[in-house]
Amino acid sequence: MKKWKKLGKLFGIVIIVLLLTYISIYVVAKLMPKLPINSANSFYLYDKNNELFTAGNQKEWVSLDEISPYVIDATLSIEDKHFYQHQGFDFLRILKALYINFTSGQTKQGASTITQQYAKNLFLDFDKTWSRKIDEAWLTIRLEVHYSKDKILEGYLNTINYGGVFGIENASKYYFNKKAKDLTLAEASILAGIPKDPTHYSPISNELAAKERQSMILTLMEKNGYITEAQKEKAFQKELTYVGGENDHNLSTLMYYQDAVIQELKSIKTIPTSFLKTGGLKIYTNLDPTIQKNMETSMNEDLKENPDLEVASVVMEPKTGKVLATTGGRDYKKSQYNRATSAKRQVGSSIKPFLYYEALENGFTPSTTFKSEKTTFTFQSNTTYSPENYNSNYPNKQISMAAALAYSDNIYAVKTHLFLGEDSLVNIAKRVGIQEKLKPIPSLALGTNEINLLDMMEGYNTLASGGDKIKPYFIRKVTDKDGNVLYSYKVKKENVLNRSIVFILNEMLTSSYAQEFIDYNFPTCINIAPKITKKYAIKTGTTNTDHLIFGYNQELLMGIWAGYDNNKESDVKDGNLTKNMWVDTMEASLKDLKGNGWYEIPNNVVGVLVDPISGKPANESTKKKKMLYYLKGSEPFEESKELDDLIPTMKTIE
């Protein structure tokens, strides 16, 4: 009996301590200043011309009485039915969620209240850490003690993500072309289902999933006494028409740029955390709205044959590293996943220019030849490697490096890779700024490593800049709301490549669309040659699932990846669509440029007319002639240097 009395007494003390702690926390929160929810997490983004192009919390704000009661009832039913009874936390719901998740062994149910979600959306990122959860809980309490329930609900509905469209008024106009106060039960119950998973439950991207969630919401609304069974059935059966992006074209890609900006903002250590939490920041970016529009227009036009093909693209200014435009997907409202900054995919032959730079630096010239034929490479461990040329197209003769680049010949690339040593490509990739850790294996020469698009862009920018490694960046300056400068970016250049050799390589990369290389094969970009009016260095990369193209001159660099998120095999036609998107964007963006945008020839470089396939000097009988460039003293003679015999681990397949 005494034991039970002691336990009861101890339990009572614990309850009192918890209660006092709970009250103390609320008292402290009450004594603290009000959280500035009107400016919290608000940020003003400016383009390269200092024009405001979007803002974090600058949605079309409407009061609670300007929102359809159906929206309010539907939101409360699915998100937080005890919202007006609790003080920020629904403890019974928390216990129920813990029980369900524990017994099922899966995270099937959450217990966040509307206030918690609002606190997270306003002040926090989405990291799933304990410190973030503690911050969220504290901010939730501060919201509850300083603001009425109606004010919190109003703020929540005006800031929540409805599939890339933020705020109920904007969402109402986007999906149904009407004001939030005019939404019907059917429309409101569709919109209320989106915030749970904006990508999955958007009726534009996945109407089936949206209807399933609508059914759940309507059932809960009936259960909670907001509607009758007849209203539920009528609303669910109502056929809805979605107007989608017809009245807001720019949102489809511009939000990807904004997300990349915010991601970079969070990495800037000199901006105090307090500013990131309380907001009011003015962020001056490198966005070029004309190029962004050109890119989006080209994407929509050139890729319309395959609406399922996903894409990521980046445009940079080579001499500074400024990211001028980007898209992380076809449509932000359908998928907020930013493939440009987050995805890693095999890069295929787009890795080869770095390999050939290394070769040029080690004594190769554009005329250096290897025999391209079906080949198996045998290594000391008795393992073999048998790369193949695209479509099994082999000339079965010696070809120049320039030809190998024009056709993206795989046999030549692997021979070069093994001749130099497998570490060479790893080292040069690191040298030009590629951060991904590459494996020194034979197939690396064919781009079997997965690398992020923006990471590859840094490497290509080293070539486009003439040899300077420059980090890509989105933000040039950040100030507080009063104009006080908190951060200013300073471009850092490091010369890591020989400028003369870079020029020679860049000239060779123009062969990808050169008529002179039409021979036993076609240059990889010959199909877009009629559209080209400037001069570009271009390299493509193709795998079974991926298509890439990188191209540049001294004015602009653009890289594109296209493929499928589920790694479905891609068709060669998809690669052609991607090439057209690239050339149409570049040509539109440089249409007012005087001249061809190309580089000056270094003093120690000389041009020689050669047979482009053999690399030998041209004479009167040479049918096709091409100007290739060499370091003075390395120009080709009649007898070209053949290196095949210096690779002992190689045999030809008869």
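Visitor: Would you mind going over the pattern of salt bridges in detail, with residue names and values included?
Guide: Under the defined criterion, the tally for this structure stands at 18 salt bridges. Among the salt bridges present, the one from Glu301 reaches Lys304, with a minimum N-O distance of 3.3 Å. Since its relative accessible area comes to 48%, Glu301 is described here as partly exposed. For Lys469, the salt bridge is made with Glu494, and the minimal N-O distance between the two is 3.8 Å. Here the residue Lys469 occupies a position in strand E12 (residues 468-469), and Glu494 occupies one in strand E15 (residues 494-495), the gap between them amounting to 25 residues. Note on Lys469: relative accessible area 23%, which makes it partly exposed. Judged by relative accessible area, which is 44%, Glu494 ranks as partly exposed.

Visitor: Any chance you could break down the sheet that holds strand E18 (residues 557-563) for me, citing the residues and the numbers?
Guide: What the five strands build is an open sheet, ordered E5-E4-E18-E17-E16; its pairing is antiparallel. The open sheet has two edge strands with one neighbour each: strand E5 (322-327) and strand E16 (537-542). Adjacent strand axes in the sheet meet at a mean angle of 10°, parallel and antiparallel pairs treated alike. Bridge count between strand E4 (residues 310-317) and E5: five bridges; the pairing is antiparallel. Bridge pairing in E5 places Ser313 opposite Thr327. Helix-sheet contacts for helix H19 (residues 453-464) involve E4, E16, strand E17 (546-552) and E18, and the interaxial angle to E18 is about 150°.

Visitor: Requested: an account of the packing of helix H2 (residues 69-79) against helix H9 (residues 207-223), with residues and values cited.
Guide: Axis separation between H2 and H9 bottoms out at 9 Å; the angle between their running directions is 95°. Taken as axis vectors, H2 and H9 run roughly perpendicular relative to one another. Counted together, Tyr70, Asp73, Ala74, Ser77, Ile78 and Glu79 of H2 and Arg213, Met216, Ile217, Leu220 and Met221 of H9 form the full contact between these two elements. Of the residues in the contact of H2 with H9, the class split is seven nonpolar, one polar and three charged.

Visitor: With reference to specific residues and values, describe the layout of surface pockets.
Guide: Taken as a whole, the second largest pocket spans an internal volume of roughly 1000 Å³. When contributions to the lining of the second largest pocket are tallied by element, the ones reaching two or more residues are E16, E17 and helix H21 (572-589). Broken down by class, the residue content of the lining of the second largest pocket amounts to eleven nonpolar, 23 polar and four charged.

Visitor: Tell me about empty space enclosed by the protein, residues and numbers included.
Guide: The method is simple in principle: a probe with the dimensions of a water molecule rolls over the atoms, and the space it marks as empty is what remains. Inspection of the entire model under this criterion finds one cavity of 30 Å³ or more. By volume, the largest cavity amounts to about 60 Å³. Among the elements of the structure, strand E6 (344-346) and strand E11 (450-452) are those that each provide at least two residues to the lining of the largest cavity. Of the residues in the lining of the largest cavity, the class split is five nonpolar, one polar and three charged.

Reading the values: rules and limits
- Residues numbered from 1 in each chain as written.
- Predicted model: local features only at pLDDT ≥ 70, side-chain atom pairs only at ≥ 80, totals over all residues.
- Heavy atoms only, no water.
- Salt bridge = Lys/Arg side-chain N within 4 Å of Asp/Glu carboxyl O.
- Buried < 20%, exposed > 50% of the residue type's maximum accessible area, 1.4 Å probe, protein only.
- Helix = DSSP H or I, 4+ residues; strand = E, 2+ residues; numbered from the N terminus.
- Pairing = 2+ DSSP bridges.
- Axes fitted to C-alpha atoms, helices over the stretch in contact; angles between N-to-C directions.
- Contact = heavy atoms within 4.5 Å.
- Parallel < 35°, antiparallel > 145°, perpendicular 65-115°, else oblique.
- Nonpolar A, V, L, I, M, F, W, Y, C, P; charged D, E, K, R; others polar.
- 1 Å grid on protein atoms, 1.4 Å probe; cavity = no way out; pocket = protein on both sides within 12 Å on 5 of 7 lines; lining within 4 Å.
- Points joined across faces, edges and corners; volume = space filled by probe spheres on them.

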